[in-house]
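# Inside the fold
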Amino acid sequence: MKTNRSTRRRTSIALVIVLALMSSLVYKLFDIQVVQAKSLSAQAAERRGTAITLYGARGDIVSDDGTALATSDLRYDFIASPINALSEYTDAKGNALPQAAALAKLAADPVLAKLSQITGIPTKTFMSKFTAALQANAQSEYAPLVTNVDVPTFDKIQALNVAWLTPVSHPSRQYPDGAVAGNIVGYVNGAGQGAEGLEQQYQACLQGENGTETYERSRDGVALPGSTKVTKPAKQGGTLVTTLNADLTYFLQQNLGTTVGQLGAQFGQGAVVDLKTGEIKAAAQYPSVDPGNIDGVAAAYRSTAMMFSDQWEPGSTFKSLTAAAMIDTGYATPASHVMAPDSINLPNGVHISDSEYHPTEDMTLTGILMNSSNVGISELGANMSDQTRYDFYKKFGIGSKTSVAFPAQSAGTLHPVSTWDDQTKYASMFGQGVAATLAQMLQAYQALGNGGVMVPLSLVKGCQQADGTMTDVPKKTSTRIIKASTSKTMLDMLESVVTTGHPNLQIPGYRIAAKTGTAQESDGHGGYQQNYYVSVMGFVPVDNPQYLVDVNIGFPANRKISSSAVPLFHDVMAQTLKTFRVSPSTSAPSKLPPYHQ
């Protein structure tokens, strides 16, 4: 009886112990599978998981019709696993070779020779990368071997079926048109950030945002089915839509380069502007940077666009602004005239001369523009106060940056009237003693030809987001600068410059208004060097002004006169008419008299 009680006691104790153990196990399972499940799963995934960067590609920069000026495509890097590559070389018994012996075998392996042939990279370069990786870590599985190859090269490398070589894709910036509008488009730095031009100015629009994708892998590195998960989606950059017409910009770029070469000039620049909208439809300079090969051009031409950064004394094209001020204020009419010799001495040692000898002539204001007479514009403009002229120059945008917030833009130079000496009071009338960029002259002439209304220049229509919405749209406020009647009068006078003085500027069927200019380079100390700028600025068609064309050639060695820029202007103007299918003029041209009758 006593034995039975003892047995039952032992059984009960054993049962309690078993129940306690079971309770402990159940608690532990609950703790692992429920309480700590999320944390432990994350730890497990981290230990055997692999994270992959999902690249948010940089957005495209496109022309007004969607042609890519800058785009991002996939490029590939190939990463070698040095330890796995060496493990393929064994002795007769199948044992791994010592590292030095295995490296010698690898150097002689035909696969490296094939890889060298495909990429153009010497085998010695590959081997140095293997050696460096192994010296840093004897068990290294990471050595970047080939970088930034395109898809055809990627396919050739993949065809080698090298087990220890792994491809990694990433976006790369490409510039399909090379140096065409290169300084306008700009380029990115090694970190993929905008470094110049629109790439820099619209960095926030274009920059993508990388995401992350993870997957779990087995001990041998194989991805486990169903384990892939996007932990952070990638965001693509916006598309920057410019105002540039790709074909017209290409035409301007090619012909500008040809003209610079023919004239033995150092550089050149040009542009086409839509007068009604202020949009820059074409912009070019030569030399120009190829954003995909920035070392291919001299350092002086790699950075920001000359049309915004480089200022010079505009010379005779500036006479149009002086004439517009005189007409708008009633100080002169197209028929106002003066007796103009080829040179004149004025009080306080002021001397003014025209570029060529001519007898004293009774020139009208129209004739002064046609003959580009410094003496004539000075004599006629002397009736207007210096402050009044200064105020008009300021209204035309001289001395101020344009509304295009382009990197490194210059404001030009327009000193206050209080600082003008006696020479500057006259010289400023014909574009000396002041300085402007090409963009500033374009802005001034835009108002001159657009009925007197200034519409701010623009290079960009906006940034198109993935959902189709447009941001960064330029805000434009039009401003009247001169009377509409003054604008029409100026167009008539500048057309008379073409019809009477420069027949080579004419295009059959179209009424053209233009002003030529020759300007010397200032030495910065009140004197001038023997370098010249030759330029032409003009409108088409006069009876319905739509486009402004400007070409400027810097420091020509041959034919240092404005007429040397006429053929380029004529060709660009003709191409502009074709590109935008501008209807021919339907009215007769103006022929205002250049001399007093």
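What comes next is a walk through the structure. Bear in mind the structure is a predicted one, so any value in this text is a computation, not a measurement. (Residues numbered from 1 in each chain as written. Predicted model: local features only at pLDDT ≥ 70, side-chain atom pairs only at ≥ 80, totals over all residues. Heavy atoms only, no water.)

The helix and strand inventory of the protein stands at 20 helices and 23 strands. Of all 597 residues assigned to the protein, the portion counted as buried reaches 47%. Taking all contacts inside the protein whose residues are at least 6 apart in sequence as the whole, residues at least 24 apart take part in 72%. A total of about 27,900 Å² of accessible surface is found on the protein, and carbon and sulfur atoms cover 52% of it. (Helix = DSSP H or I, 4+ residues; strand = E, 2+ residues; numbered from the N terminus. Buried < 20%, exposed > 50% of the residue type's maximum accessible area, 1.4 Å probe, protein only. Contact = heavy atoms within 4.5 Å. Areas by Shrake-Rupley, 256 points an atom, 1.4 Å probe, with all protein chains shown as cover.)

Attention now moves to the sheet that holds strand β9 (residues 267–274). The strand order β10-β9-β23-β22-β21 describes an open sheet built from five strands, whose pairing is antiparallel. The open sheet is flanked by β10 (280–286) and β21 (513–522), the only strands paired with a single partner. Neighbouring strand axes in the sheet, compared pairwise and without regard to direction, differ in orientation by 10 degrees on average. Note that strand β22 (residues 528–540) and strand β23 (residues 547–554) share eight bridges and pair antiparallel. In the strand pairing of β23, Phe539 is matched with Leu548. Most of the contacts of helix α18 (residues 438–449) go to β22, to which it runs at about 35 degrees, and overall it touches β9, β21, β22 and β23. (Pairing = 2+ DSSP bridges. Axes fitted to C-alpha atoms, helices over the stretch in contact; angles between N-to-C directions.)

What follows deals with helix α6 (residues 123–136). Look at α6: 20 Å from first C-alpha to last across 14 residues, which is about the 20 Å you get at 1.5 Å a residue. For α6, the full list of buried residues reads Phe126, Met127, Phe130, Ala133 and Leu134. When α6 is viewed along its axis, its buried side chains cluster within an angular range of 125 degrees and face the same direction. Residues of α6 that are exposed and point over 90 degrees away from its buried face: Lys124, Gln135 and Ala136. (Expected span 1.5 Å × (residues − 1). Arc of directions from axis to C-beta.)

With that out of the way, let us pick up the pattern of salt bridges. By the definition in use, this model includes twelve salt bridges. The partner of Glu199 in a salt bridge is Arg58, and the shortest N-O contact between them spans 2.9 Å. Of this pair, Glu199 sits in helix α9 (residues 197–201) while Arg58 sits in the loop between β1 (49–54) and β2 (61–62), and the two are 141 residues apart along the sequence. Arg511 is paired through a salt bridge with Asp492; the nearest N and O atoms lie 4.0 Å apart. A residue pair is termed long-range when its members are at least 10 positions apart, and Arg511 in the loop between α19 (484–501) and β21 and Asp492 in helix α19 qualify at 19 residues. (Salt bridge = Lys/Arg side-chain N within 4 Å of Asp/Glu carboxyl O.)

Omega for the bond connecting Tyr286 with Pro287 falls within 30 degrees of zero, at 0 degrees, which places this linkage in the cis form. Inspection of the secondary structure puts Pro287 in the loop between β10 and α12 (306–309). Here Val540 and Pro541 are connected by a cis peptide whose omega angle stands at -20 degrees. Here Pro541 is to be found in the loop between β22 and β23. One non-glycine residue with positive phi stands out, namely Arg581, at about 50 degrees. Considering the arrangement of structural elements, one finds Arg581 in the segment after α20 (566–579).

This part covers the nonpolar core. Burial of nonpolar side chains together is a common tendency in soluble globular proteins. Core analysis: the largest hydrophobic core is formed by 94 residues, its most contacted members being Ile184, Met307, Phe308 and Phe396. Sorting elements by how many residues they give to this core places α18 first, with eight residues. Discounting chain neighbours no more than four positions away, the residues touching Ile184 are Gly197, Leu198, Leu244, Ala283, Ala305, Met307, Phe308, Phe406 and Leu459. If you look at the next biggest cluster of nonpolar residues, it comprises 31 residues, including Val260, Leu505, Val566 and Leu577. (Core = buried A, V, L, I, M, F, W, Y, C linked by side-chain atoms within 4.5 Å.)

Taken together, the side chains of Ile13, Ile17 and Leu21 make up a nonpolar region of the molecular surface, amounting to roughly 290 Å² of accessible area. Turning to its location among the elements, Leu21 is positioned in helix α1 (residues 2–35). The class for Leu21 is exposed, based on a relative accessible area of 53%. (Patch = residues over 30% accessible without salt bridge, like charges linked within 9 Å, V, L, I, M, F, W, Y side chains within 5 Å.)

Here we come to the packing of aromatic side chains. Under the definition given, this model contains twelve aromatic pairs. Ring centres 6.4 Å apart and planes at 65 degrees place the aromatic pair Tyr390 and Trp420 in the edge-to-face group. Taken together, the residues Tyr390 in helix α16 (residues 386–395) and Trp420 in the loop between α16 and α17 (422–427) connect sequence positions 30 residues apart. Each member of the pair, Tyr390 together with Trp420, is buried. Among the aromatic residues, those joined into a ring-pair cluster are Phe267, Trp312, Tyr533 and Phe555. (Phe/Tyr/Trp six-rings, centres within 6.5 Å; stacked < 30°, edge-to-face > 60°.)

Now for the state of the cysteines. Evaluated as defined, the whole model comprises one disulfide. Between the sulfur atoms of Cys205 and its disulfide partner Cys463 the distance amounts to 2.0 Å. Across the S-S bond of Cys205 and Cys463 the torsion is about 85 degrees, and the bridge reads as right-handed. Pair noted here: Cys205 is in helix α10 (residues 203–206) and Cys463 is in strand β18 (residues 460–464), with a separation of 258 residues, a long-range link. For the pair Cys205 and Cys463, one class covers both residues: buried. (Disulfide = S-S within 2.5 Å.)

Relative to the helices and strands, Thr317 resides in the loop between β11 (311–312) and α13 (319–328). Residue class for Thr317 comes out buried when judged on its relative accessible area of 2%. Polar contacts involving the side chain of Thr317 include one to the main-chain carbonyl oxygen of Pro314, which spans 3.4 Å. Contact partners of Thr317, with chain neighbours within four places excluded, come to Met441, Tyr445, Lys515, Thr516, Gly517, Ser535 and Met537. (Polar contact = N/O pair within 3.5 Å; in protein donor to acceptor, adjacent residues only side chain to side chain.)

Let us now look at the side chain of Asn374. Looking at where Asn374 falls in the secondary structure, it is placed in helix α15 (residues 374–381). A residue is classified by how much of its surface remains accessible, and Asn374, at 12% relative accessible area, is buried. Contact partners of Asn374, with chain neighbours within four places excluded, come to Ser316, Lys319, Ile352, Ser353, Asp354 and Phe430.

Successive residues of a regular strand alternate their side chains across the two faces of the sheet. Bridge analysis of strand β8 (residues 239–242) against β18 gives four bridges, and the strand direction is antiparallel. Bridge pairing links Thr239 to Gln464 in β18.

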